[in-house]
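Tertiary structure, described
One letter stands for each residue in the lines below.
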Amino acid sequence: MTDSYDVVVVGAGLTGACAAALLVRHAGIEPGRIALLANAPPQQPAVAAGSGGAGGEGGAASENIAPPELRVVAISRASERLLRAAGAWPLLDQRRLCPYERMRVWQQDAAADGDAALCFDAADVGEPNLGYIAESGALLRACLESFRAAGGALIDAPLSALEIGADSARLQCSDGRALRARLVVGADGARSRVREAAGIAVRTRDYRQLAIVATVRTERPHQHTAWQRFLRTGPLALLPLFDGSSSIVWSLDEAEVPALRDGSKGEFNLRLAAALDGVLGDTTLASERRSFVLHSLAAHSYIAARCALIGDAAHVIHPLAGQGANLGLLDGAALCEAVSAAVARREDPGALRVLRGYEQQRRTHNLTMDAAMSALQFGFGAARGPASWLINRGLSLVNRSGALKRAFARQALGNAGELPRLARAAIG
Ligand SMILES: Cc1cc2nc3c(=O)[nH]c(=O)nc-3n(C[C@H](O)[C@H](O)[C@H](O)COP(=O)(O)OP(=O)(O)OC[C@H]3O[C@@H](n4cnc5c(N)ncnc54)[C@H](O)[C@@H]3O)c2cc1C
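Structural notes, computed from the coordinates. In this text the structure is predicted, and so the values were computed from the model without any measurement.

**Some points on the overall build of the protein chain**
The helix and strand inventory of the protein chain stands at 11 helices and 20 strands. A total of 428 residues make up the protein chain; the buried ones form 56% of that total. Expressed as a percentage of contacts within the protein chain between residues at least 6 apart in sequence, the contacts between residues at least 24 apart total 75%. Accessible surface, the protein chain as shown: approximately 17,300 Å² in total, 51% of it carbon and sulfur.

**Observations concerning the site of the ligand**
Taken together, 27 residues sit near the ligand, with Thr-15, Ala-74, Leu-159, Asp-312 and Ala-325 positioned nearest. At 3.4 Å, a backbone N or O of Leu-14 approaches an oxygen atom of the ligand. Ala-74 is positioned such that a nitrogen or oxygen atom in its backbone is 2.8 Å from an oxygen atom of the ligand. Elements with a minimum of two residues in the shell around the ligand: α1 (14-26), β3 (72-76) and α7 (324-344). Of the residues in the shell around the ligand, the class split is 13 nonpolar, 10 polar and 4 charged.

**As for α7**
Look at α7: 31 Å from first C-alpha to last across 21 residues, which is about the 30 Å you get at 1.5 Å a residue. Most of α7 sits out of view: 16 of its 21 residues are buried. Backbone geometry just downstream of α7 places Arg-346 in the positive-phi region, at approximately 60°.

**What to know about the packing of aromatic side chains**
Applying the stated criterion to the full structure yields 4 aromatic pairs. One residue, Arg-71, lies across the ring of Phe-292, its end atom 4.2 Å from the ring centre.

**Some thoughts on the pairing of strand β12 (residues 202-218)**
By the bridge criterion, 10 bridges tie β12 to strand β17 (residues 290-299) in an arrangement that is antiparallel. Bridge assignment links Val-213 to a residue of β17, and that residue is Arg-290. Direction of pairing for β12 relative to strand β15 (residues 246-253): antiparallel, over a ladder of 8 bridges. Residue pairing in the sheet places Thr-215 in a bridge with Ser-247 of β15. In the sheet, β12 pairs with strand β16 (residues 283-285) via 3 bridges, with the strands oriented antiparallel. Looking at the pairing, Val-216 lines up with Leu-285 of β16.

**Some thoughts on the packing of α1 against helix α3 (residues 136-149)**
At their nearest, the axes of α1 and α3 sit 8 Å apart, and the two run at 30° to each other. With respect to α3, the element α1 is oriented roughly parallel. Considering only the axes of α1 and α3, their crossing is left-handed. Contacts between α1 and α3 pair Leu-14, Ala-17, Cys-18, Ala-20, Ala-21, Val-24 and Arg-25 from the former with Leu-139, Leu-140, Cys-143, Leu-144, Ser-146 and Phe-147 from the latter.

**Describing the pattern of salt bridges**
On inspection of all chains with the given rule, the structure shows 20 salt bridges. The salt bridge partner of Arg-141 is Glu-69, with a shortest N-O separation of 2.8 Å. Of the two residues, Arg-141 sits in helix α3 while Glu-69 sits in the loop between β2 (34-37) and β3, which places them 72 residues apart along the sequence. The same class applies to Arg-141 and to Glu-69, which are both buried. Here Asp-175 ties to Arg-177 by a salt bridge, and the two come within 2.8 Å at their closest N and O atoms.

**Notes on the packing of helix α2 (residues 77-85) against α7**
Contact pair α2 / α7: the axes reach a minimum separation of 10 Å and the direction vectors enclose 45°. Classified by the angle their axes make, α2 and α7 are oblique. As α2 packs across α7, the resulting crossing turns out to be left-handed. Contacts between α2 and α7 involve Ser-79, Leu-82 and Leu-83 from the first element and Asn-326, Leu-329, Leu-330 and Ala-333 from the second. By residue class, the composition of the contact of α2 with α7 is 5 nonpolar, 2 polar and no charged.

Reading the values: the criteria
Residues numbered from 1 in each chain as written. Predicted model: local features only at pLDDT ≥ 70, side-chain atom pairs only at ≥ 80, totals over all residues. Heavy atoms only, no water. Helix = DSSP H or I, 4+ residues; strand = E, 2+ residues; numbered from the N terminus. Buried < 20%, exposed > 50% of the residue type's maximum accessible area, 1.4 Å probe, protein only. Contact = heavy atoms within 4.5 Å. Areas by Shrake-Rupley, 256 points an atom, 1.4 Å probe, with all protein chains shown as cover. Near = heavy atom within 4 Å. Polar contact = N/O pair within 3.5 Å; in protein donor to acceptor, adjacent residues only side chain to side chain. Nonpolar A, V, L, I, M, F, W, Y, C, P; charged D, E, K, R; others polar. Expected span 1.5 Å × (residues − 1). Phe/Tyr/Trp six-rings, centres within 6.5 Å; stacked < 30°, edge-to-face > 60°. Lys NZ or Arg CZ within 6 Å of the ring centre and 35° of its normal. Pairing = 2+ DSSP bridges. Axes fitted to C-alpha atoms, helices over the stretch in contact; angles between N-to-C directions. Parallel < 35°, antiparallel > 145°, perpendicular 65-115°, else oblique. Left-handed = near helix turned anticlockwise from the far one by under 90°. Salt bridge = Lys/Arg side-chain N within 4 Å of Asp/Glu carboxyl O.

Treat this as a map of the structure, not an account of what it does.
Pasting the structure below:
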C-alpha cells in the first residue's frame, strides 16, 4: 500500500524539522498530508547533573541543571522569529538559551581590545541582543514536538529510493513503506539522497581543515559576547553559554588536529588560552573534544521536477560566521511561503513554476554568503606583512564608521538580503 501526501520532507535535522513545522502551520495544507521522514528517532536531552558553571555568569550554574550539549549554534534574531512561527520557540527551556549582545572579531597580529578589533553591539541598532547561542539538540526536539503537536506525520524510516514522475514522486523507505508526494523536500544534509535522485550536481570545496568543538570554562566571564579570532591557522570562535561556560569552534589544518583533539587536557588548555590571546584568561576543558570536517558545497540548482532542496542539502558554508543553520531555516521559510501562495491559488505545490520562486529568493543570497565566508577564511588565513596591516587598518576603519558597524550588526541579526515574510517581522 502507498500512502499519499502533498509534501514529504526528507531529513529531520534542524532545517527539515523546522520547515516541516512551518509547513503544517502556515502552508494551508491539511497537517496530516505533510510527512517528515527521520533517519533515527531524536535523542533525548542529557540527564540533569550539577554543571558547576564558570566565570560567574548565566545564573543557572548552581542549579541542578544538565551541562550544555556539546553542539550549539548561534541563532540569529530572524531565526528566532522563524522558530516562533514554527511553534518551537515556546517549547524551549528559555534558561538554556544564551543571548549574545556583541561580537568582537580580531586578527592574530592585533589585540582584542585594540583599534583594529571589530566590535559590534546590539545596542548600536537598538536591539537587546544579536541572537542566541542555543543547543542544537534542544532546537531540533522543539521543532519535532511542534510538528507532531500540529498533526504532521512523523515517519521514523529513512528514504532508500526516490522516483520522480510527472504528477508525483514515489518514495521508498528502508522499512519497505512506500509513499507518494506531490512535493519532496530534500533536507537530508550534505550527502542528500534526494539531490542525487533528482540529478542535481554540486560544486564542492575541501578546506583541508577540521573544526574542534568543545565546551570550556574561562577564568573571566564571557560578557555575553561572541569572540572570534582569525589566526593564520584558521578562525577560532568562543561562544557564550547559558551556564557561564563557552563553546569553542577551532578550525585547524587536518594535520594539527589529532594532537589537540586526542592529547592531554593540560596541553589543550594552554594552547587554547594562547590562541585566544588570553582574552578571557585561562581556559579549562569541560567536555569531550570532537572534530568536524570543513568543506563547502553548492548545489547547481535548488529545484527539480517535484523536488526542492533546503539547508545543507543545497549549500554548506564555512562555520566561521555561524550562518549555516540560519540559512537553512530561511530556506524552509521561503519554501513554505512559495507553497502556501500556490495552495491559496489552488496550484500544484510541486509545480516547477512554484519552486522557481523559492529558488530565486534563496540561491543568490546563499551563494553570496558562501563567497563571503570563503573570502574571509582565505583573506585572514593568508594575511601576513602588508596584507595583515591592510586588514587591521580596514577593521579599524569599520570600527570607526557607525554606518558600517550598524550594517555588520544587522547582518548578525539575520537581516541580510531579501528575507521571507515569516522572518521579516524579526527586525526593522
Ligand atoms: C563545527 C560547526 C559549527 C557550526 N556552527 C553553526 C552556528 O553557530 N550557526 C549556524 O547557523 N550554523 C552552524 N553550523 C552549520 C550547521 O550546523 C548546519 O548548517 C546545519 O546543522 C545543517 O542542518 P540540516 O538540517 O540542513 O542538515 P543536517 O544537520 O545534516 O541534517 C540532515 C538530516 O537528514 C537525515 N538524513 C540523511 N539521509 C537521510 C535519508 N536517506 N532519509 C531520511 N533522513 C536522512 C540525517 O540523519 C539528518 O538528521 C556549524 C557547522 C559546523 C560543522
